[in-house]
Amino acid sequence: MTTDRIVIPPKKILLSLILEYGMVWIMAGLCLCLSFIVLGFIIDFRFYFLSIFSVFVIIPLILAFIYFYHGLKPLTAYNVIPHSIEIDNNDLKINLFGGGGSDKDSTNEEGLQENRRQIEMKNYKVSKIKTGTDYFLVFMNSPVEGILHVPVGCMEDPFHFKKLFNYFQHSLNENIKRQ
C-alpha cells in the first residue's frame, strides 16, 4: 500500500509542533507577561520592562527550542520534502523525492530528472496518534523519532486511507501491549 506524493507546508508542521509541544510554555510566558504588567501598574514602572523582555526574548526562545528540538528530528523534517509512505509486510518505508542526482534517478510527469531515496523503518514504535479535521499525526519514538503528518487526500480511495490509519492504530496497540 503506497500513498500519493505528499508535501506538507512548513507552516502546518510548525503549527502542529507548537500545539503539541509548546502551548503550555507559551501560555506560561504570556501569564508571566501579564503578571509583570499588573505588577508594573501596582508596584513599580520597571516591571513593564520585564513584561517587554518576556514577550520579545522568552517566548521567541521557546519557539526556537521547539523548532530546533522537535522540528528538526528526521521524521518531522521529511514531511516538508516531497515523499510517499509505503507499507509492505509490516515495514514502513518513506520514499523521498527531490532534485539533484544520486541514489535512484527517475523521470517524473514533467520529464524532469529527480532522485528517489527510500528510508526503511523496521520495528518502529508508534507512541501516539492525533487526528485533525483533514489529517492525522503519527508520533514515533523508535528507530527514527518525530512526527509523520498524513493528510486525508494522500490516497485516492478513502478505504485505503482508513486501512492506513488502522495500520498505524494497530501498531500503536502492539506497542502498548509490549510495555
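Please refer to the structure placed before this passage.
One numbering rule holds for all chains: residues counted from 1, following each sequence as written. Since the coordinates come from a predicted model, pLDDT governs what is reported: local features require at least 70, and pairs of side-chain atoms require 80 or more to be given and counted, while whole-chain, interface and lining totals use all residues. Side-chain measures were taken over the full set of non-hydrogen atoms in the model, leaving aside hydrogen atoms and water.

## Some words on the sheet that holds strand β6 (residues 135-142)
Here is step 1 of the chain: The rule for pairing is simple: two strands pair if DSSP sees at least two bridges between them. A helix here means a DSSP run of H or I that spans at least four residues, while a strand means a run of E at least two residues long, and both kinds are numbered starting from the N terminus. With antiparallel pairing, three strands are arranged side by side in an open sheet as β5-β6-β7. On the outer flanks of this sheet lie β5 (125-131) and β7 (146-151), each paired with one strand and no other. Along the sheet, successive strands turn relative to each other by an average axial angle of 25°, direction set aside.
Here is step 2 of the chain: Relative to β6, β5 runs antiparallel, the two being bridged by six bridges. Axis lines are fitted to C-alpha atoms, over the contacting stretch for helices. Their N-to-C directions set the angle, which ranges from 0 to 180 degrees.

## Comments concerning the nonpolar core
Here is step 1 of the chain: Take the buried Ala, Val, Leu, Ile, Met, Phe, Trp, Tyr and Cys residues and link them wherever side-chain atoms come within 4.5 Å; each set so joined is a nonpolar core. Classification of residues uses two cut-offs on accessible area relative to the type maximum, computed with a 1.4 Å probe and protein chains only: under 20% is buried, over 50% is exposed, and between them is partly exposed. M121, F136, M140, L148 and F168 are the most contacted members of the largest nonpolar core, which totals 37 residues.
Here is step 2 of the chain: Contact definition: two residues touch when any of their heavy atoms are within 4.5 Å. With residues up to four places along the chain from it excluded, the contact list for M140 reads L75, L92, M121, Y124, K125, V126, S127, E145, G146, L148 and F168.

## Describing the state of the cysteines
Here is step 1 of the chain: A pair of cysteine sulfur atoms is labelled a disulfide when the two atoms are within 2.5 Å. Counted by the stated rule, this structure contains zero disulfides.
Here is step 2 of the chain: Considering cysteine sulfurs only, C33 is the nearest to C31, which forms no disulfide, with 9.7 Å between them.
Here is step 3 of the chain: Using a relative accessible area of 7% as the deciding quantity, one classes C33 as buried.

In short, shape yes, function no, at least from these values alone.
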